[in-house]
Amino acid sequence: MMKKEIAHIRKQFKLDHEMLKLFEIFNVYIMKESNEIYHYERQPFALLDREKQELYMANFKKLLTGELDQKMFELKFQEDAEDPTQVLLHQGLITGNAQEWQDLMLLLVDKMLVDTVYEQDTVITFVRGQYSRPTKARNDEAETSEKDEMFANLFILCSVNSTEQQRKTLMFDYVEREFKYNVFVDPIVKLNTPEQGFFYPSVTDNYSDVNRILYCSGRANEPNVAFIDKVLNAEKTITALEERAIFEDIVKEVAGEHLDAATIAQVYEEIHRVIESNEEEEPPKLDYKDVERMLAVSGVEDVTREKVERAFQNVVDDKNYEIKASSVIPKFTSKSIKIDTKVATITISPQDLKYVKQVNYQGKRCILIEVDEDAVIEGFTLTTETL
């Protein structure tokens, strides 16, 4: 599933969108004390109050927001799982019976309650629907519209949301002209901050891929491993943060612990070039041959293919392991790199890292940053000293 495909789906989650149809919504309320189902209800989405529809749409869009391999993870289903969730979801996807769909989702909720302790009352929301997209790009010269031919994709979306108790408040009664103390006992469902969820099936080249599922985490680089394994019966995933750590360990194995900023900047530029020049549908990946070339071009000394291959073997126990290029590099044009010192924290973009050096000045380590203009601090322009 590509980033652009997720973006296309996400932007359809708004009221009255002509390319999105939501059929039923099914809510299940879980009590934290007993970890049991307290209440559930199913309704046609179209019969909800418009204000409720807007709240749910915002929740679904929020769930599908974030970077791939950080908050969203495309996962393959396990092939040898007992009572596989894939079968359950596929049956729910194709059934035309709303009651049967509800019963299948309750079976999935039962799997969510096994060996799980919810710290707060929790609401699990399922919605099933259909979204569409054109089969080809728009042609302004053609007489037919891009919407004449469409891919129609059925889907099931699940959002897990915790609740919180409302605060005690002091209110003013306009009629009685007095201040009143109010205590609200009804919990608030935190629809704006989903804990986790999923979108099934995944999508590849506009076609539904029933062998994959898009898992969505509420926190970046913190997927719920137990949920992925035991509930979704999907294969283990690796986060972008973990892949970046793998890449760093491999580079340290080859080049040592110490690198200058110019070399690091050059490595990032090489990776960025690979990402920008990629013409394949799949995101580019780096193997040991790619890493060997990048380090050599970036000026790292004594780099050999055998040394890099051995580093892959030592770090990930697989010399043929491939690292997603997008996971390795921070956001190239934004200030995504932090340089932490005792005196200050400096943020800089990877493309500007080449202007930074660590130097020894009068026996002290200093950070030297090349700038094109005068530096201004609190409205004062700094004088330029000649060292």
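Keep in mind that what you see is a predicted model, and the values were worked out from it rather than measured.

Let's talk about helix α7 (residues 261-277)
The terminal C-alpha atoms of α7, which comprises 17 residues, lie 24 Å apart, in line with the 24 Å expected from a rise of 1.5 Å per residue. All of the buried residues in α7 are Ala261, Thr263, Ala265, Val267, Tyr268, Glu269, Glu270, Ile271 and Val274. Elements that come into contact with the buried residues of α7 comprise α6 (240-255), β13 (285-286), α8 (288-297), α10 (325-328), β15 (337-340) and β17 (356-361). In this structure Asp260 caps α7, since a side-chain oxygen of it lies 3.2 Å from the backbone nitrogen of Ala262.

Some points on the domain arrangement of the protein chain
On domain assignment, one finds that the protein chain holds domain 1 (3-161 + 187-237), domain 2 (241-327) and domain 3 (337-381). Centre-to-centre separation of domain 2 and domain 3, based on C-alpha positions: 26 Å. At the junction of the two partners, domain 2 supplies five residues and domain 3 supplies six residues. The interface formed by domain 2 and domain 3 holds one salt bridge in total. A salt bridge links Lys354 to Glu269; the nearest nitrogen and oxygen atoms lie 3.7 Å apart. On inspection of domain 2 and its partner domain 3, the count reaches zero residue pairs in polar contact (both at pLDDT 80 or more). A per-class count over the side of domain 2 that touches domain 3 returns four nonpolar, no polar and one charged.

Some words on the pattern of salt bridges
Inspection of every chain in the model, using the stated rule, returns 14 salt bridges. The shortest N-O distance in the salt bridge between Asp229 and Lys230 comes to 3.8 Å. With a relative accessible area of 32%, Asp229 lands in the partly exposed category. A salt bridge links Arg273 to Glu270; the nearest nitrogen and oxygen atoms lie 2.7 Å apart. On the criterion of helical spacing, the pair formed by Arg273 and Glu270 is a turn pair, its members being three residues apart in helix α7. Among the residues examined, Glu270 registers a relative accessible area of 7% and is labelled buried. Ionic contacts of the salt-bridge type, sharing partners, join the residues Glu74, Asp209 and Arg212 into one network.

The rules behind each value
- Residues numbered from 1 in each chain as written.
- Predicted model: local features only at pLDDT ≥ 70, side-chain atom pairs only at ≥ 80, totals over all residues.
- Heavy atoms only, no water.
- Helix = DSSP H or I, 4+ residues; strand = E, 2+ residues; numbered from the N terminus.
- Expected span 1.5 Å × (residues − 1).
- Buried < 20%, exposed > 50% of the residue type's maximum accessible area, 1.4 Å probe, protein only.
- Contact = heavy atoms within 4.5 Å.
- Polar contact = N/O pair within 3.5 Å; in protein donor to acceptor, adjacent residues only side chain to side chain.
- Domains from an automatic or database assignment.
- Salt bridge = Lys/Arg side-chain N within 4 Å of Asp/Glu carboxyl O.
- Nonpolar A, V, L, I, M, F, W, Y, C, P; charged D, E, K, R; others polar.

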